[in-house]
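Here are the chains, one letter per residue:
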Amino acid sequence: MFELLPETGLVLPRGAGALRFGMSEREAQWAVATLADVHEYWVCQAGWAFSARYEGLELLAFGDVVDRSGRTGRDVDGLASVYVQRHDPAPTAPSAVPVVLQDVDLFGYPAAEVLAVLEPDLHPAVRLRPAPAGFLREAGLSAL
């Protein structure tokens, strides 16, 4: 089970530890490498990024983000964001591995049901993206 913890990061399955906001690229890759092969990735304005696939899900992590927008003027050192997404772009069934936020399996129920429970109090750092078929396709969490 993956567990999103706003203001903290992402707990990894099988006792692999957690990806905590602010941790270094090396620490983050080391934790994820205990579950799956880690691959370099590119994210605009991020100093580093990597991805890994685990039982039908893809994990994307990136950090050392430079904010050039001028809107917030805030750079983030270390791990800044994590995303878990399903390989299937239009999932029609629950995922094999739960992805949990506030005791709700985000990929285990239709998106309408999940959003009805979570949206009234959804933390501003959480991003949820439904798929056309009715289940959530992606869940993300950023450092504020």
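Residues numbered from 1 in each chain as written. Predicted model: local features only at pLDDT ≥ 70, side-chain atom pairs only at ≥ 80, totals over all residues. Heavy atoms only, no water.

Novice: Looking at this structure, I do not really get the sheet that holds strand S7 (residues 76-86). What am I missing?
Specialist: As a general point, the strands of a sheet are linked pairwise by backbone hydrogen bonds and lie either parallel or antiparallel. Reading across from one edge, S4-S5-S6-S7-S11-S10 is the order of the six strands in this open sheet, with antiparallel pairing throughout. Whereas interior strands pair on both sides, the edge strands pair on one side only; in this sheet they are strand S4 (38-40) and strand S10 (126-130). On average, adjacent strands in this sheet sit at an angle of 20 degrees to one another, irrespective of strand direction. Of the strand pairs in this sheet, strand S5 (residues 46-54) and strand S6 (residues 57-65) are connected by eight bridges, and their pairing is antiparallel. Looking at S6, one finds that arginine 53 is bridged to glutamate 58. Most of the contacts of helix H1 (residues 25-33) go to S5, to which it runs at about 5 degrees, and overall it touches S4, S5 and S6. The sheet contacts of helix H2 (residues 111-118) involve S10 and strand S11 (136-142), and relative to S10 the element is tilted by about 155 degrees. (Pairing = 2+ DSSP bridges. Helix = DSSP H or I, 4+ residues; strand = E, 2+ residues; numbered from the N terminus. Axes fitted to C-alpha atoms, helices over the stretch in contact; angles between N-to-C directions. Contact = heavy atoms within 4.5 Å.)

Novice: Would you explain the packing of aromatic side chains in this entry?
Specialist: Aromatic ring pairs are reported here in terms of the distance separating the ring centres and the angle at which the planes meet. On inspection of all chains with the given rule, the structure shows three aromatic pairs. Look at phenylalanine 2 and tyrosine 54: their rings are 5.9 Å apart centre to centre, the planes differ by 85 degrees, and that puts the pair in the edge-to-face class. With phenylalanine 2 in strand S1 (residues 2-5) and tyrosine 54 in strand S5, this pair connects stretches of sequence that are 52 residues apart. Judged by its relative accessible area of 9%, tyrosine 54 is buried. (Phe/Tyr/Trp six-rings, centres within 6.5 Å; stacked < 30°, edge-to-face > 60°. Buried < 20%, exposed > 50% of the residue type's maximum accessible area, 1.4 Å probe, protein only.)

Novice: Just to check I follow, could you spell out the nonpolar core for this structure?
Specialist: Nonpolar side chains tend to gather and get buried jointly when the protein is soluble and globular. In this structure, Phe2, Leu10, Leu12, Leu19 and Leu106 are the most contacted members of the largest nonpolar core, which totals 39 residues. The residues touching leucine 106, leaving out its near neighbours within four places in the chain, are Leu4, Val99, Leu101, Val114, Leu118, Leu128, Leu136 and Ala139. Ranked by size, the runner-up nonpolar core spans nine residues in total, among them Ala46, Ala49, Phe62 and Val65. (Core = buried A, V, L, I, M, F, W, Y, C linked by side-chain atoms within 4.5 Å.)

Novice: Please clarify how empty space enclosed by the protein should be interpreted in this entry.
Specialist: This structure, assessed with the given rule, holds one cavity of 30 Å³ or more. Estimates place the volume of the largest cavity at around 30 Å³. If you trace the largest cavity, you find it lined by Phe2, Leu12, Val32, Leu35, Ala36, Ala52, Tyr54 and Leu59. Class assignment of the residues belonging to the lining of the largest cavity gives a composition of eight nonpolar, no polar and no charged. (1 Å grid on protein atoms, 1.4 Å probe; cavity = no way out; pocket = protein on both sides within 12 Å on 5 of 7 lines; lining within 4 Å. Points joined across faces, edges and corners; volume = space filled by probe spheres on them. Nonpolar A, V, L, I, M, F, W, Y, C, P; charged D, E, K, R; others polar.)

Novice: Got a minute to help me understand the pairing of S6 in this structure?
Specialist: Where burial is concerned, most of S6 is hidden: eight out of the nine residues are buried. The turn joining S5 and S6, which pair antiparallel and follow one another in sequence, is formed by two residues; a positive phi near 45 degrees is taken by glutamate 55. Relative to S7, S6 runs antiparallel, the two being bridged by eight bridges. Counted as the bridge partner of phenylalanine 62 is serine 81 from S7.

Novice: Teacher, can you tell me more about the environment of histidine 87 here?
Specialist: Along the chain, the position of histidine 87 falls in the loop between S7 and strand S8 (99-101). Accessibility expressed as a relative area gives 31% for histidine 87, which makes it partly exposed. Along the backbone, histidine 87 and glutamine 102 are 15 residues apart, and their C-alpha atoms lie at a distance of 23 Å. Excluding residues within four positions of it along the chain, histidine 87 makes contact with Arg53, Gly56, Leu57, Glu58 and Arg137.

Novice: How should I be thinking about the pairing of S11 in this particular structure?
Specialist: Strand residues, when the strand is regular, have side chains that alternate between the two faces of the sheet. Most of S11 sits inside the fold, with seven of its seven residues counted as buried. Across five bridges, S7 lies against S11 in antiparallel orientation. Paired with tyrosine 83 across the two strands is glycine 140, which belongs to S11. Pairing between S10 and S11: five bridges, direction antiparallel. Along S11, the bridge assignment pairs arginine 127 with glycine 140.

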